[in-house]
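If you want the building blocks of each chain, they are given just below.
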Amino acid sequence: YGAQRAEDVERGLERVAEPDNGDLAEAVAFLTEKNAKAPQQDETTYYQTSQVPSDRYISVGSQADTNVIDLTGDDKDDLQRAIALSLEESSRAFRETGITDEEQAISRVLEASIAENKASLKRTHTEVWSDSPNPHDRKRIDGCPVGLKNVGNTCWFSAVIQSLFHLLEFQRLVLNYSPPARVLDLPRNQKEHRNLPFMQELRNLFSLMVGSKRKYVDPSRAVEILKDAFKSSESQQQDVSEFTHKLLDWLEDAFQMKAEEDSVGEKPKNPMVELFYGRFLAVGILEGKKFENTEMFGQYPLQVNGFKDLHECLEAAMIEGEIESLHSAENSARSGQEHWFTELPPVLTFELSRFEFNQALGRPEKIHSKLEFSSVLYMDRYMDRNREITRIKREEIRRLKEHLTLLQQRLERYLSYGSGPKRFPLADVLQYAMEFASSKPVCTSPVEDIDTSAPPGGTTGQQLPSTAEQDALPPAESLGPTSAPSTAPSVAQQQRVPVHKPFTHSRLRPDLPMHPAPRHITEEELRVLEGCLHRWRSEVENDTCDLQGSISRIHRSIDLMYSDKSMMQVPYRLHAVLVHEGQANAGHYWAYIYDPHQCCWMKYNDISVTKSSWEELVRDSFGGYRNASAYCLMYINDKKPFLIEEEFDKETGQILSGMDKLPPDLKRYVIEDNELFDKEVEEWDAMQARKAQQEKLDLASAAAASTAQDPEYMEQPSPTNDFKHLQEDTERAISRAVAAAAAAEQDRSPEALLNTAIKLEYARLVRFAQEDTPPEIDYRLQHIIVYFIQNEAPKKILERTLLTQFADRNLAFDERCKSIMKVARAKLDLITPEEVNMDAYEMWHQDYRNFRETTIFMVTGLELFQKSKYGDALVYLIYSHQYNKELLLKGPYRGHDEDLLTYYRRECLLKLNEQAAAMFESGEEPEVTSGLSIMNELVVPCIPLLLAQDTEKDLLAVEDMRNRWCSYLGQEMEANLQEKLTDFLPKLLDCSTEIKSFHDPPNLPSYSTLELCERFSRIMSALGRVSSSGR
């Protein structure tokens, strides 16, 4: 068993190392499986191809299933009876209910979605995407598409529905659907009974997506109806392709009932079939006999593994190569077939097979290999009418590829030359030989350049004799009295020799060259050799260049094989890409959909609808990056613009958009829902107005109580240092105003002094606001007016704020200040609500309070980071980053440097990851537990924040953290550590960007303006000493 596990580990590591098919998550699943041989019976197998009774859903282009389990036993009769009984029960259930096994599988998914939705209500941590209590946050911006709320594992539902909804022809069919009269009277079976309410809820959902005032709508009722149609308790996340397949099946049934009722004596036309279904001709040889069959298809399945782009997938799907099969000993027959499209649907959907079942592990796995596709796809080469010309071109491509293979093999011999394990380009080998031959031998020992007069210990003395001289010296004990004069030097030498003996004994031969060079070569030999090597290198470079040019020309010939106009007559434009990120058993879905009116790509990610780009789509959809890849592509016929064009009013000729395109019943439905939302907004605004009014009354009551208790202008102690700081600024401004009035012999009345003081104070604050300051100084923290000026607050709000400063009762109580304060308070009382919008005034002051609070979070977090208290620092940095991001949405000067906060948030996570990994490596149970606790409680919940930020450095940090933990796979460790690692890794590798709430924000102590400015300056100065390149 141990040897088998070692082989399994080796295979898993090989998968990681493979450049094309390497998949880290696949290796994780492979290596952490406890029993690689025994398939788990409860593993999900939802994406295995199901056999559907209808001939419309013939699986085309799929390769032979190599993972079929051969169920054989000792008693084959019992086995046959069990299979027959199972088939009989399945058939009877379908006859009684009209529901297939595949539909029952869909039921299990819907049950899982609703169960997940209900379970989420009981979670300790609410999810960030849950409804905001403020309806203004949920209000739709004019012209912006409507999102769909994820009601629990239903991101797959959102991706499919959004892709179909933005096919305007499909949208019109659904919105204008009316049920057949006979179904209302008496449904014939459960399928018909299910279709009517489902279609009605789909119409309701589409109508809200057209005319709702909400930013996103809730699809729960449509999902509930689907759940009620099937009863099951199993839980799994649904495959998008399978769901789309079944959804279209339900819609087709619904429209078929209507078509049969509307058509009398004619063959009914089903709009769903005409929109999504096409036909292909299967031609080939079976056991030596030719055959031709016409078959219908909906979603066209394509294998991904082993192909680099969509055309290669299609070529493989359209040609099932000749398979030689021996049916008897006497003869053999050749079998094979080709598929040729005879009729393509207006909406052509490709189902990319990115899931496969690993029979050895007994679990599903995702294929992460890269697959490219283009925004425009020409289908001419696959059409039956072009059969002959396509065959000729395929043969030409086959011949070119054979020649290409030979050329690449020849080129490889030039670029990887040698017979050993290490190979080098031949041109470089010849260049190295030329450099060696041209090198001049310098026969000097490398140790001669070392100063031996200074021993390593730092002692100085006479130069050490050479090794030969040391050997010639007489032993110390043989020295007689006559040698007394030389006794002292000899003793000194004896003391030094043991220190340097290892060095002198390691001396190299004197004639050893300093660098590799030929020892013996004549000028004539060198001249001949250099001439040969130079000529050979030129020949090799020319041959290499010729080969590369030929290869490039062949590639271009292959690429341009179908570029003539006759093969570009059937263009299909990419309409939607459905993306999955994660592993086979877990992940997240979203869709990219092209908006032809704005000429841009839109990203539909549940409630979030944002503008995107082709570059972002390529990065997320091609695969091979971040475990995200497309596995459902929706193309539309570029010559049928009605698919995505708005409808025109037949009477006025105007484009029907918004509510105008809805039938009367749906228009009423949307109007009622919008009225409910408007009422919710009004109630919220009224509640906020009452709160604001109550706060004003409370402040007025507190001020009145304070006035009643104390004699007028009696000195009152300052409640905080903030007031003292502001009081000093105000008194300084008044003193300057008095001095200025005295110097100019101007009016010294209290009102004149107040006006002068306000002007002087405002001028001082304007200078602060306009000053170019170093990072450690932020005048916004010193005075609210600076913050207002930099963010262009209205003039009236600035004036009222300054008046409030001069009306403070805590000013010095000499007669001059008393009179000025009286005037300021009188002016405040005279300001009417029409002059200053108090709601806006309160909003600006609340924004400033939020700015100070964000600053305290940031400063505290950075201080803790400097002290290496990364766990505590992370909480403050997370909230400072979030609050700062909200501030910056209102203006660039509302908050702090976002890059700075992003950097330290990321560094904090990397430090915590390093700490946790070191604890895990210790192997000590308490340390391991603490390390995993850090990861589960701090690091893992923050990974979606980095993924949502979607910056390159954040994404690299996430990959670094994951790679650190995945590196433990295959290492020898105790069973309990292996089990903990197995439980932890799926959480770390979950690629969902669905963000759960973090720890509650910590309570902040109150700081005076002076204290906050000092702390800000101190920490920013410390950070300024960090190299800017590090950030």
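Residues numbered from 1 in each chain as written. Predicted model: local features only at pLDDT ≥ 70, side-chain atom pairs only at ≥ 80, totals over all residues. Heavy atoms only, no water.

By the naming in an unreviewed UniProt entry, the chain goes by ubiquitinyl hydrolase 1 and is assigned to Nothobranchius furzeri. The annotation that UniProt attaches to the chain under Subcellular location (unreviewed entry) is "Nucleus". Under the Catalytic activity (unreviewed entry) heading, UniProt states for the chain: "Thiol-dependent hydrolysis of ester, thioester, amide, peptide and isopeptide bonds formed by the C-terminal Gly of ubiquitin (a 76-residue protein attached to proteins as an intracellular targeting signal)." (UniProt positions renumbered as here; feature names shortened; annotations may be inferred.)

Enquirer: Could you give an account of the environment of Ala317, naming the residues involved and the relevant values?
Expert: With respect to the secondary-structure elements, Ala317 resides in helix α12 (residues 310–318). You can call Ala317 buried: its relative accessible area is 1%. Distance from Ala317 to Leu302, taken between C-alpha atoms, is 6.5 Å for residues 15 residues apart in sequence. (Helix = DSSP H or I, 4+ residues; strand = E, 2+ residues; numbered from the N terminus. Buried < 20%, exposed > 50% of the residue type's maximum accessible area, 1.4 Å probe, protein only.)

Enquirer: Explain the packing of helix α14 (residues 426–438) against helix α17 (residues 523–559) residue by residue, including any values.
Expert: Contact geometry for α14 and α17: axes closest at 9 Å, N-to-C directions at 165°. In terms of orientation, α14 lies roughly antiparallel with respect to α17. Along this stretch, α14 crosses α17, giving a crossing that reads as left-handed. On α17, the residues that touch Leu426, Ala427, Leu430, Gln431, Ala433, Met434, Ala437 and Ser438 of α14 are Leu526, Leu529, Glu530, Leu533, His534, Trp536, Arg537, Val540 and Glu541. For the contact of α14 with α17, the residue count by class is 11 nonpolar, 3 polar and 3 charged. (Axes fitted to C-alpha atoms, helices over the stretch in contact; angles between N-to-C directions. Parallel < 35°, antiparallel > 145°, perpendicular 65-115°, else oblique. Left-handed = near helix turned anticlockwise from the far one by under 90°. Contact = heavy atoms within 4.5 Å. Nonpolar A, V, L, I, M, F, W, Y, C, P; charged D, E, K, R; others polar.)

Enquirer: Please provide a residue-by-residue account of the pattern of salt bridges, values included.
Expert: Inspection of every chain in the model, using the stated rule, returns 33 salt bridges. Linking Arg203 and Asp665 is a salt bridge whose minimum nitrogen-to-oxygen distance equals 3.1 Å. Remark: Asp665 occurs in helix α19 (residues 664–709) and Arg203 occurs in helix α8 (residues 190–211); sequence separation between them is 462 residues. The exposure class assigned to Arg203 is buried, which follows from its relative accessible area of 4%. With relative accessibility at 31%, the residue Asp665 sits in the partly exposed group. Here Arg1015 ties to Glu863 by a salt bridge, and the two come within 2.5 Å at their closest N and O atoms. Residue Arg1015 is found in helix α31 (residues 1009–1024), and its partner Glu863 is found in helix α25 (residues 838–866); the two are separated by 152 residues along the sequence. (Salt bridge = Lys/Arg side-chain N within 4 Å of Asp/Glu carboxyl O.)

Enquirer: Explain the pairing of strand β8 (residues 347–353) to me, using residue names and the numbers behind them.
Expert: Moving residue by residue along a regular strand, the side chains alternate between the two faces of the sheet. Among the 7 residues in β8, 6 count as buried, and that is most of the element. Here 4 bridges tie strand β5 (residues 300–303) to β8, and the two strands are oriented parallel to one another. Residue pairing in the sheet places Pro301 in a bridge with Glu351 of β8. Bridge count between β8 and strand β16 (residues 628–637): 5 bridges; the pairing is antiparallel. In the sheet register, Thr349 faces β16, and the bridge partner there is Met634. (Pairing = 2+ DSSP bridges.)

Enquirer: Residues and numbers for the packing of aromatic side chains, please.
Expert: In the structure shown here, the tally under the stated rule is 32 aromatic pairs. Relative to Tyr968, the ring of Trp965 has its centre 5.6 Å away and its plane inclined at 85°; by these criteria the two rings are edge-to-face. Here Tyr968 falls in the buried class, since its relative accessible area comes to 4%. Among the aromatic residues, those joined into a ring-pair cluster are Tyr787, Phe788, Trp844, Tyr848 and Phe851. Seen from the ring of Trp844, Arg894 lies directly overhead, with NZ or CZ sitting 4.3 Å from the centre. (Phe/Tyr/Trp six-rings, centres within 6.5 Å; stacked < 30°, edge-to-face > 60°. Lys NZ or Arg CZ within 6 Å of the ring centre and 35° of its normal.)

Enquirer: Provide a residue-level description of α14, including the pertinent values.
Expert: Here α14 is 13 residues long and its end C-alpha atoms lie 19 Å apart, about the 18 Å a rise of 1.5 Å per residue gives. Those residues of α14 not exposed but buried are Leu426, Ala427, Leu430, Met434 and Ala437. Viewed along the axis of α14, the buried residues span an arc of 105°, placing them on a single side of the element. On the buried face of α14, the contacting elements are α13 (387–415) and α17. (Expected span 1.5 Å × (residues − 1). Arc of directions from axis to C-beta.)

Enquirer: Can you tell me about the nonpolar core, naming the residues and giving the values?
Expert: Core analysis: the largest hydrophobic core is formed by 95 residues, its most contacted members being Phe788 and Trp965. Excluding residues that lie within four positions of it along the chain, Phe788 makes contacts with Ala793, Ile797, Leu798, Thr801, Trp844, His845 and Tyr848. Counting residues in hydrophobic clusters, the runner-up holds 94 residues, among them Val160, Phe165, Met296 and Leu633. (Core = buried A, V, L, I, M, F, W, Y, C linked by side-chain atoms within 4.5 Å.)

Enquirer: Give a description of the environment of Val875 that names residues and reports values.
Expert: Tracing the backbone shows Val875 in helix α26 (residues 870–888). On a C-alpha basis, the gap between Val875 and Pro1001 in space is 7.3 Å, while along the polypeptide they are 126 residues apart.

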